[in-house]
Amino acid sequence: MGRDVYYFSHDVNASNDPKIIVMKELCGVIAYAWWWILIEQLAVQEDYKLPMDKITFAGLAIAFGMKQNEANASSNEAKASKNKQAEAFINLLINECELLETDGEYFWSPSLIRRNLLRKNKQIEISRKRSEAGRLGGLKSAEQRSKTKQMLQANEANQANQAKGKERKGNNIERDTRAREDENPLSMFDDDEVKNKPIYDLYMKAIGDVSPVIKDRLDDLVESYGKERVIVAINTTADNGGNSIKYVETVTAGNLKKEVQKDFGASKHNGNARNVSRKKEEVDWQAEYERVHGKG
């Protein structure tokens, strides 16, 4: 049976081996070639052994290229002569040169078996080391993958925490802003827009909340009529039960203000008499409110 053997070791000084020298002395230099052909045949056999039988000797005779004895007339005798030569050569290597050993059924080369077993053991050791290196490499790779996965998970968790922190911070800022606006509705206005803050404060105290729309309308009144007139209008509206910016606008621009100013001017025109009783004209505020809002 063939083996997975593609080479065998060969000492560079094999020709100086005393056993090889004896072989060449007994059989000639050609025996050196026969010897390595024989070793090649043994190296590919199971257990590195060949059987001691006629078929083996016939095959070796062909492999050695042995010539027939010219004294033999028939071809059968010639073949038998070559086989005998091969058998005699094998027995010489066993008995005279001690290069081979036999148990009567098989023969072999102890040196070949020893060398191939050493080579096989080295291959097994190399294979074991490679397998161990692969296993350790796999463990290291798995460990590295695990570390990488943990780093990615930690990074994702950190990003999630940062996002939550930003969200909480944003919520806190929004909540604080709403709280400040609840405490002071005027906080919704930028610093450069609180020039009429006293007007807004008075409106909130006297009438109601100041929304952005109401704020704009109060600004328009101040720009058109002045702060003093708007303040008088807000107080007058509150005193007479008014509760809307529309009412304030009506009072600011309407005849009511004119009447108040006329009464004040008439009193001043009558002189400096301190005991003069000045009485404002009574106004029907309900009728005025319904007139402004389109009722009645």
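Just above, that's the structure.
Residues numbered from 1 in each chain as written. Predicted model: local features only at pLDDT ≥ 70, side-chain atom pairs only at ≥ 80, totals over all residues. Heavy atoms only, no water.

1. A short note on the packing of helix H7 (residues 212-225) against helix H8 (residues 227-239)
- Contact geometry for H7 and H8: axes closest at 7 Å, N-to-C directions at 125 degrees. One finds that H7 runs oblique with respect to H8. Within the contact between the two elements, H7 uses Leu 218, Leu 221, Val 222 and Tyr 225 and H8 uses Lys 227, Arg 229, Val 230 and Ile 234.
- Of the residues in the contact of H7 with H8, the class split is six nonpolar, no polar and two charged. (Axes fitted to C-alpha atoms, helices over the stretch in contact; angles between N-to-C directions. Helix = DSSP H or I, 4+ residues; strand = E, 2+ residues; numbered from the N terminus. Parallel < 35°, antiparallel > 145°, perpendicular 65-115°, else oblique. Contact = heavy atoms within 4.5 Å. Nonpolar A, V, L, I, M, F, W, Y, C, P; charged D, E, K, R; others polar.)

2. Here's the deal with the pattern of salt bridges
- Tallied over the full model, the rule gives seven salt bridges.
- A salt bridge links Glu 125 to Arg 128; the shortest N-O distance between them is 2.7 Å. Remark: Arg 128 and Glu 125 occur in helix H5 (residues 110-183); sequence separation between them is three residues, near one turn of the helix.
- When its relative accessible area of 32% is taken as the criterion, Glu 125 is described as partly exposed.
- Here Asp 201 and Lys 197 are joined by a salt bridge, their closest N and O atoms 3.0 Å apart. With Asp 201 and Lys 197 both in helix H6 (residues 197-206), this residue pair falls four residues apart, about one helical turn.
- The partly exposed category is assigned to Lys 197, whose relative accessible area is 32%.
- Taken together, the shared-partner salt bridges connect Lys 215, Asp 216 and Asp 219 into one network. (Salt bridge = Lys/Arg side-chain N within 4 Å of Asp/Glu carboxyl O. Buried < 20%, exposed > 50% of the residue type's maximum accessible area, 1.4 Å probe, protein only.)

All we've got here are geometric facts, nothing functional implied.
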